Amino acid sequence: MRIRDHRADDEPEISLVPLIDVILVMIIFFVVTATFDARSVIQLELPRATGEQIEATQPLVVLVNAEGRYFVDDREVLRNDVDSLKATIAEVAGTERERPVMLRADARTPYQAVVTVYDALGQLGFRRIMPATASPETDGAAQDLTQ
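Now for a quick tour of the structure. Residue positions are given per chain, counted from 1 along the sequence in the order it is written. Local features in this predicted model are restricted to residues whose pLDDT is 70 or higher, and side-chain atom pairs enter the listing and the counts only when it is 80 or higher, whereas totals over whole chains, interfaces and linings include all residues. Side-chain measures here rest on the full set of heavy atoms in the structure, leaving out hydrogens and waters.

### Notes on the overall build of the chain
And then number 1: Segments assigned H or I by DSSP are reported as helices when at least four residues long, segments assigned E as strands when at least two residues long, and all are numbered from the N terminus. Within the chain one finds three helices and seven strands.
And then number 2: Mapped in sequence order, the helices and strands of the chain form the string α-β-β-β-β-α-β-α-β-β.
And then number 3: Counting contacts in the chain only where the partners sit at least 6 residues apart, residues at least 24 apart contribute 74% of the total.
And then number 4: Taken as a whole, the chain presents about 10,800 Å² of accessible surface, with 56% of it coming from carbon and sulfur. By the convention used here, residues are in contact when the closest approach between their heavy atoms is within 4.5 Å. Note on areas: these come from Shrake-Rupley sampling with a 1.4 Å probe, and a residue is covered only by the protein chains present in the view.

Have a look at this one:
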């Protein structure tokens with residue numbers, strides 16, 4: 001009678017499915033984190049003008065970057081049409097239409113993007129709109145405007 005040895009059949013194996021799941025979760029985490037980091041700093045080059053700086057009480061800040069994308073305070077407008085911009089401005093500002101608005105547009109911004117901001121603000125009833133400019137003493141370098 002022959003007795004069979006079953007120890008040779010028990011070979012260890014490594015399951016790769018949990019390892020792949022962990023790696024995919026880590027990749028998603030790093031992609032999402034990198035996206036937030038890229039949006040935390042907006043570089044603008046302001047047009048130049050001479051004159052006095054006006055101090056306003058907490059103005060509503062509308063940013064337009066060089067690509068023509070809009071940001072209202074710290075919120076990005078997802079589409080570039082007037083209705084989306086109006087909805088975001090109304091959401092951020094609430095019913096306060098006497099609040100001053102600081103328009104910060106990059107010097108390389110397409111003019112149509114600036115006109116769209118003025119159009120949206122006018123349709124919503126904002127009348128105190130101040131364009132932000134850089135003083136002539138600055139060297140024209142891009143400024144970090146996420147304060």
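### Section: a nonpolar patch on the surface
And then number 1: Patch criteria: residues need more than 30% relative accessible area and no salt bridge. Like-charged residues are merged within 9 Å; nonpolar side chains of Val, Leu, Ile, Met, Phe, Trp and Tyr are merged within 5 Å. One speaks of a salt bridge when a side-chain nitrogen belonging to Lys or Arg is within 4 Å of a carboxyl oxygen belonging to Asp or Glu. Together, I14, L16, L19, I20, I23, L24, I27 and V31 make up an exposed nonpolar region whose accessible area comes to about 790 Å².
And then number 2: Along the chain, I27 turns up in helix α1 (residues 17–39).

### Looking at the packing of helix α2 (residues 82–93) against helix α3 (residues 111–124)
And then number 1: Their axes nearest at 9 Å, the elements α2 and α3 cross at an angle of 55°. With respect to α3, the axis of α2 lies oblique. Crossing angle aside, the handedness with which α2 passes α3 is right-handed. Along the contact surface, α2 presents V82, L85, K86, I89 and A90, while α3 presents T116, V117, D119, A120, L121, Q123 and L124.
And then number 2: Nonpolar residues are Ala, Val, Leu, Ile, Met, Phe, Trp, Tyr, Cys and Pro. Charged residues are Asp, Glu, Lys and Arg, and all others, Gly as well, are polar. Taken together, the residues of the contact of α2 with α3 break down into eight nonpolar, two polar and two charged. Here an angle of 0 to 180 degrees is reported between the N-to-C directions of two axes, which are lines fitted to C-alpha atoms, with helices fitted over the stretch in contact. Small angles under 35 degrees read as roughly parallel and large ones over 145 as roughly antiparallel, with 65 to 115 read as roughly perpendicular and the rest as oblique. Left-handed describes a crossing whose near helix is turned anticlockwise from the far helix by less than a right angle; the clockwise case is right-handed.

### Quick word on the pairing of strand β5 (residues 101–105)
And then number 1: Counting buried positions over the five residues of β5 gives four, a clear majority of the element.
And then number 2: The sheet contact formed by strand β2 (residues 60–64) and β5 spans five bridges and is parallel. Bridge pairing links L63 to R104 in β5.
And then number 3: Two strands are counted as paired when DSSP detects at least two bridges linking them. For β5 and strand β6 (residues 129–131), the ladder comprises three bridges, and the chain directions are parallel. Bridged to L103 within β6 is P131. Any residue under 20% of the maximum accessible area for its type is buried, any over 50% is exposed, and the rest in between are partly exposed; the area is computed with a 1.4 Å probe on protein chains only.

### Focus on α2
And then number 1: Any helix carries an expected span of 1.5 Å times its number of residues minus one. The first and last C-alpha atoms of α2 sit 16 Å apart over 12 residues, in line with the 16 Å expected at 1.5 Å per residue.
And then number 2: Residues of α2 that are buried include every one of S84, L85, T88, I89 and A93, and no others. Considered in projection along α2, the buried side chains sweep an arc of 145° and stay on one side of the axis. Every exposed residue of α2 that faces more than 90 degrees away from the buried side is listed here: D83 and E91.
And then number 3: Lining the buried residues of α2 we find β2, β3 (70–72) and α3. The directions from the helix axis to the C-beta atoms form the arc being described.

### Quick notes on the nonpolar core
And then number 1: In this structure, L60, V64, Y70, L85, I89, V117 and F126 are the most contacted members of the largest nonpolar core, which totals 19 residues.
And then number 2: Taken together, the elements giving at least two residues each to this core come down to β2, β3, α2, β5 and α3.
And then number 3: Among the elements that line this core, the one with the most residues is α3, at six residues.
And then number 4: For the purposes of this section, nonpolar cores are sets of buried Ala, Val, Leu, Ile, Met, Phe, Trp, Tyr and Cys residues that join through side-chain atoms within 4.5 Å. Judged by nonpolar contacts, the second largest core, of five residues, contains L46, M130, A132 and A134.

Remember that the coordinates give geometry; whether it matters functionally is a separate question.
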